[in-house]
Amino acid sequence: MATAAAASAAELEADPKAGPEAEGEEDEAKADGARRKVFTRAVATATYKSMGPAWDQHQQREEGVSESDEDEEFAMASSAESSPGDDEWEYDEEEEKTQLEIERLEEQLSINVYDYNCHLDLIRLLRLEGELTKLRGARQKMSEIFPLTEELWLEWLHDEISMAGDSRDREHVYDLFERAVKDYICPNIWLEYGQYSVGGIGQKGGLEKVRSVFERALSSVGLHMTKGLAIWEAYREFENAIVEAARLEKVHSLFRRQLAIPLYDMEATFAEYEEWSEDPVPESVIQSYHKALQQLEKYKPYEEALLEAETPRLAEYQAYIDFEMKIGDPARIQLIFERALVENCLVPDLWIRYSQYLDRQLKVKDLVLSVHSRAVRNCPWTVALWSRYLLALERHGVDHQVISVTFEKALSAGFIQATDYVEIWQAYLDYLRRRVDFKQDSSKELEELRSAFARALEYLQQEVEERFNESGDPSCMIMQNWARIEARLCNNMQKARELWDSIMTKGNAKYANMWLEYYSLERAHGDTQHCRKALHRAVQCTSDYPEHVCEVLLTMERTEGTLEDWDIAVQKTETRLARVNEQRIKAAEKEATLAQQEEEKAELRKKARAEKKAQRKKKTRGADKRKADEDNENEWGDEDEERPSKRRKLENSVPAAAEAPEAPDLAAETGLFGKSASADDTPASKQKERAAAPKKDVPKVPHDSSKDSVTVFVSNLPYSMAEPDEKLRPLFEACGEVAEVRPIFSNRGDFRGYCYVEFKEEQAALQALRLDRRDVGGRPMFVSPCVDKSKNPDFKVFRYSTALEKHKLFISGLPFSCTKEELEEICQAHGTVKDIRLVTNRAGKPKGLAYVEYENESQASQAVMKMDGMTIKENVIKVAISNPPQRKVPEKPEARKGPGGPTAPRQTYGARGKGRTQLSMLPRALHRPSATGAQAENGPASKPAATASEVTEAPKMSNADFAKLLLRK
């Protein structure tokens, strides 16, 4: 039935356009669209029928549709030219849109053939339109570039099976099956292959073909513990259905082979064998069965871990692979690698590990090269896979033409970094160098090697530098290797010197190591005259380590040079070193001047801020100064205002001490991170009202550090949040049972913007960390582990990676009004977006930055090329691969040294840090003038400077002495 439906559809496709030519092109287009609609229905009908039992369910769902409706549809198709209706006009418009979309996708693929999603969209549209020829071409083109998934292959195979009418079409389907089973290990495709081959058993050699397919299927997936059982059972059912005298022995053999392999549901298979067999089960089979059961128990933990985990289950597969590697069964190791790659085909490290195992252990040519080929098709952006592929091709003696074609494919793979192109060129040049017989003065291989070196330099200078704004080879490693080959293997020092001159003109003349490399080459394969010339140039040009170059020159002249050569070398080195020292002194002075200017600017800014604060305080100060002093009595240490006199302090000290509440626990007030919460940014009038308001009786609960594992620290909350306990508890109860929410309040009962949330279980606390950056009251809420920084000073909380992430983009220059949904809509045009993060400040305001995570590196690289420089809401954005710069580690005090030696130690402050007022607690009468004198410009100072301890040290005095000084007018 499926074949008949397919044949009828093919006839419809082959018929000439209905209607006379006088009707016009418009009527022909309408009729052609109607025929395509009928053709699409025929393909769908044949596909459903090829699905077997699923076709019956489809028929049951379609019982409500009468045959008259079906006939009416065909009649409408046949009369499409004479009676166009409203529905057909709507269909024409939709078809026109689809055709335009198809043309757009085809044009995009002509620009970038590695756009995976574009291939999928084109195949989907062509299948809906019923464009059989174009559909085959699109699938063929995609399969040549990318390995197809199991779903894509099954869809393609079902379409072709439904259209197969004769033996020629059947052979075409067989070829498709052979290609399908090579991409990934797919038990369902093997099962479909075996069942389809059974349909051709009546042809010549049909029985042998079926058995061959099933045997290959067993070799490929027969060891699959969860899905291999279906292949065994299908093979046995086929053998049981054959009426032959020898079939019984064949079925016996299949049962015995299956029972010797650890598979799920082995007990049922053994019971079936006992029931089927007329004779008792042999003892050897029983022993193999029990041994397989024991092996099954060892494998079960790993299989159960895979069943419980979520796709792609990479960690579980890695553990399974390690287990199989310890056992060492090559067939099972290969199987578990293949199973892992089905779900992790875009993980380059997994392909590298698999290919490395095959290269070093199995060394089977067809298997090794097949895996390398699949690896570069799955991850074409990974240069390491291409390099390994070239080595494998050379190792197994593949023809030179094939290796050259593979290298050209690697160049067009679209690497992400400029250095990747240097690496692939270096791998190919190494291969060409190994082909050359350097005993001959000239050969075809040598000329090919030289032309490849020249092409590599031109390619890096033009293609790579134009794309990445760098050649990827700043040290000219390719040119250095070419020079070494010319000097050491070809005895052509003239060419080597020309190459080194080119290297030096590309900005490398200032590096001492480059000159010393050239000098070493001249020492080994050149002459003393060129060595001396090279070192003299190095002395004049080197700027990083000139002392080293000067030392090498003097050493050479000491051992080989004449007195005249020695004098010239000494004169040049002394002159050069003197000039270098002078330049270094000037640079140090310039740096010190810049640092002093920065300090002066900072001091001016500090004074300006202090003056502004003082002016604001004068304006807010009321007529009743005494009342204002009383209102600000508890806060005078926190504001930059004039300190009250000592006499007033002494008079008010006793009442203030009596009225002050008991100081709260430091951990409960400032938190375990060693920082107090920031004060509210409220106007001075509100601060005055708050100061006059009565204090709230807020209980102070000390923090229990023994419960840090079940506690999270929540900060950056709005200060205006009323009842933080009631508002935050429902939010965190979604993570687990909450034992307590402890918001932190000030002495006046004002919420300080942070709190502690204690859970019953540790797992709930870990789950709560996912709420980090959740918007609460218009601000991003920070959720971090509860860690005592006094015990763990190096603890940092930053949830995002600071290393290179090739699948993630960094976007800058975004308009502040750009939303996450708008950015996602733009980015989805270039691949599958997994996550988008808009960077905000502590107040939740956007900073115009974003991180976009794609499914793989290839999509990210395509997005960079398409989106960089794009305009969004009149803003030109910049897009790059995410590679945050390394944070600078704070310099330790003892490591800080100035040009003339170590500087004075930085002033240390108390436990509460540097105070705002910076008022000295020493009475002015006890201050002594500093003994530090400025050093004379052309000589030392008259006497050494006093140390800081000598300046600030005062003689010990009694309390009576202090009282006299304080009361002195």
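For the structure, see preceding data.
Keep in mind that this is a model prediction, so the values were computed, not measured.

### Quick notes on the overall build of the chain
Argument step 1. Counting its regular elements, the chain contains 39 helices and 13 strands.
Argument step 2. When contacts within the chain are restricted to residue pairs at least 6 apart in sequence, those whose partners lie at least 24 apart make up 63%.
Argument step 3. Surface summary for the chain: the accessible area is close to 57,900 Å², and the carbon and sulfur share equals 50%.

### A short note on the pairing of strand 8 (residues 846-854)
The side chains of a regular strand alternate, first on one face of the sheet and then on the other.
Argument step 1. Of the strand pairs in this sheet, strand 6 (residues 805-812) and strand 8 are connected by five bridges, and their pairing is antiparallel. Looking at the pairing, Leu809 lines up with Val852 of strand 8.
Argument step 2. Both strand 7 (residues 833-840) and strand 8 contribute to a ladder of seven bridges, which runs antiparallel. Residue Val833 lies in a different strand from strand 8, and its bridge partner there is Tyr854.
Argument step 3. Connecting strand 7 to the next strand, strand 8, in antiparallel fashion are five residues, including Gly844 with a positive phi near 85°.

### Some details on the packing of helix 21 (residues 400-411) against helix 23 (residues 444-468)
For any two helices packed against each other, the geometry is given by the interaxial angle and the distance between the axes.
Argument step 1. Two elements in contact, helix 21 and helix 23, have axes whose closest approach is 14 Å; the angle formed by their N-to-C orientations is 5°. Classified by the angle between their axes, helix 21 and helix 23 sit roughly parallel to one another. Contacts between helix 21 and helix 23 involve His400, Phe407, Glu408 and Leu411 from the first element and Glu448, Arg455 and Tyr459 from the second.
Argument step 2. Among the residues making up the contact of helix 21 with helix 23, the classes are represented as three nonpolar, one polar and three charged.

### Observations concerning the packing of aromatic side chains
Argument step 1. Applying the stated criterion across every chain yields a total of 33 aromatic pairs.
Argument step 2. Between the aromatic rings of Trp425 and Tyr428, the centroid separation amounts to 6.5 Å while the plane-to-plane angle is 65°, which identifies the pairing as edge-to-face. Of this pair, Trp425 and Tyr428 both sit in helix 22 (residues 418-435), three residues apart, which is roughly one turn of that helix.
Argument step 3. Feature note: the residues Phe407, Phe415, Tyr421, Trp425, Tyr428, Tyr431, Tyr459 and Phe468 constitute an aromatic cluster, connected by ring pairs.
Argument step 4. The ring of Tyr196 has Arg170 lying over it, and the distance from NZ or CZ to the ring centre is 4.4 Å.
Argument step 5. Of note, Arg332 hangs over the ring of Tyr299, and the distance from its end group to the ring centre comes to 4.4 Å.

### Examining a negative patch on the surface
Argument step 1. Taken together, Glu233, Glu237, Asp265 and Glu267 make up a surface patch of like negative charges.
Argument step 2. You can see Glu267 is positioned in helix 14 (residues 266-276).

### Details of helix 27 (residues 528-541)
Argument step 1. The end-to-end C-alpha distance of helix 27, which contains 14 residues, comes to 20 Å, matching closely the 20 Å that a straight helix rising 1.5 Å per residue would cover.
Argument step 2. Buried within helix 27 we find Cys531, Arg532, Ala534, Leu535, His536, Ala538 and Val539.
Argument step 3. Among the structural elements, helix 26 (512-525), helix 28 (546-560) and helix 29 (563-620) are those in contact with the buried residues of helix 27.

### Side note on the environment of Tyr302
Argument step 1. Looking at the element boundaries, Tyr302 is found in helix 15 (residues 283-308).
Argument step 2. Taking the C-alpha atoms as reference, Tyr302 lies 7.8 Å from Ala319; in sequence the two are 17 residues apart.
Argument step 3. Leaving out residues up to four positions away in the same chain, Tyr302 has contacts with Ala319, Tyr320 and Phe323.

### Here's the deal with the sheet that holds strand 7
Argument step 1. Read across the open sheet, the four strands follow the order 7-8-6-11; overall the sheet is antiparallel. If you trace the sheet from one side to the other, it starts and ends with strand 7 and strand 11 (878-882), each paired once. Across this sheet, the average inter-strand angle for adjacent strands is 25°, counted without regard to direction.
Argument step 2. The pairing of strand 6 with strand 11 spans five bridges and is antiparallel. Bridge pairing in strand 11 places Glu805 opposite Ser882.

### Focus on the environment of Lys134
Argument step 1. Here Lys134 lies in helix 7 (residues 132-145).
Argument step 2. Each C-alpha atom, one on Lys134 and one on Leu122, is 9.7 Å from the other, the two residues being 12 residues apart in sequence.
Argument step 3. When residues no more than four places from it in sequence are discounted, the contact partners of Lys134 are Glu106 and Leu126.

### Some words on the packing of helix 22 against helix 24 (residues 477-489)
Argument step 1. Where helix 22 meets helix 24, the axes come as close as 10 Å, and the angle between the chain directions of the two elements is 15°. Here helix 22 is positioned roughly parallel relative to helix 24, judged by the angle of their axes. Relative to helix 24, the crossing made by helix 22 is right-handed. Contacts between helix 22 and helix 24 involve Val422, Trp425, Gln426, Leu429 and Arg433 from the first element and Met477, Ile478, Asn481, Ile485 and Leu489 from the second.
Argument step 2. Of the residues that constitute the contact of helix 22 with helix 24, the class distribution is seven nonpolar, two polar and one charged.

Each value, and the rule that gives it
Residue positions within a chain follow its written sequence, with the count starting from 1. In view of the model being predicted, local features appear only for residues whose pLDDT reaches at least 70, and side-chain atom pairs are presented and counted only at 80 or more, with totals across whole chains, interfaces and linings using the full set of residues. Hydrogens and water molecules were not included; the side-chain quantities draw on all heavy atoms of the structure. Per the convention used, a helix needs a DSSP run of H or I reaching at least four residues, while a strand needs a run of E reaching at least two, with both numbered from the N terminus. By definition in these notes, contact holds between two residues if any of their heavy atoms fall within 4.5 Å. The Shrake-Rupley method, run with a 1.4 Å probe sphere, supplies the accessible areas, and residue values consider only the shown protein chains as cover. At least two bridges found by DSSP between two strands are what make those strands a pair. Helix axes use the C-alpha atoms of the stretch in contact, all axes being lines fitted to C-alpha atoms, and the angles between their N-to-C directions lie in the range 0 to 180 degrees. Oblique is the label for every angle not falling under 35 degrees (roughly parallel), over 145 degrees (roughly antiparallel), or within 65 to 115 degrees (roughly perpendicular). Under the scheme applied here, ten amino acids are nonpolar (Ala, Val, Leu, Ile, Met, Phe, Trp, Tyr, Cys and Pro), four are charged (Asp, Glu, Lys and Arg), and all others, including Gly, are polar. Only centres within 6.5 Å qualify two rings of Phe, Tyr or Trp (six-membered ring in Trp) as a pair; their planes then separate them into stacked at under 30 degrees, edge-to-face at over 60, and tilted for everything else. Whether a charge sits over a ring depends on NZ of Lys or CZ of Arg being within 6 Å of the ring centre and within 35 degrees of the ring normal. Patch rule: a residue counts if its relative accessible area is over 30% and it has no salt bridge; like charges are joined within 9 Å, and nonpolar side chains (Val, Leu, Ile, Met, Phe, Trp, Tyr) within 5 Å. The rule for a salt bridge is simple: a side-chain nitrogen of Lys or Arg has to be within 4 Å of a carboxyl oxygen of Asp or Glu. Counted as positive: Lys and Arg. Counted as negative: Asp and Glu. His and the chain ends are not counted at all. Where a charge lies is defined by one atom per residue type, namely NZ (Lys), CZ (Arg), CG (Asp) and CD (Glu). Residue count minus one, scaled by 1.5 Å, sets the expected span of a helix. Here's how the labels work: a residue is buried when its accessible area is under 20% of the maximum for its type, exposed when over 50%, partly exposed in between, all with a 1.4 Å probe on protein chains only. Crossing handedness: left-handed means the near helix sits turned counterclockwise from the far one by under a right angle, and right-handed means the same turn made clockwise.

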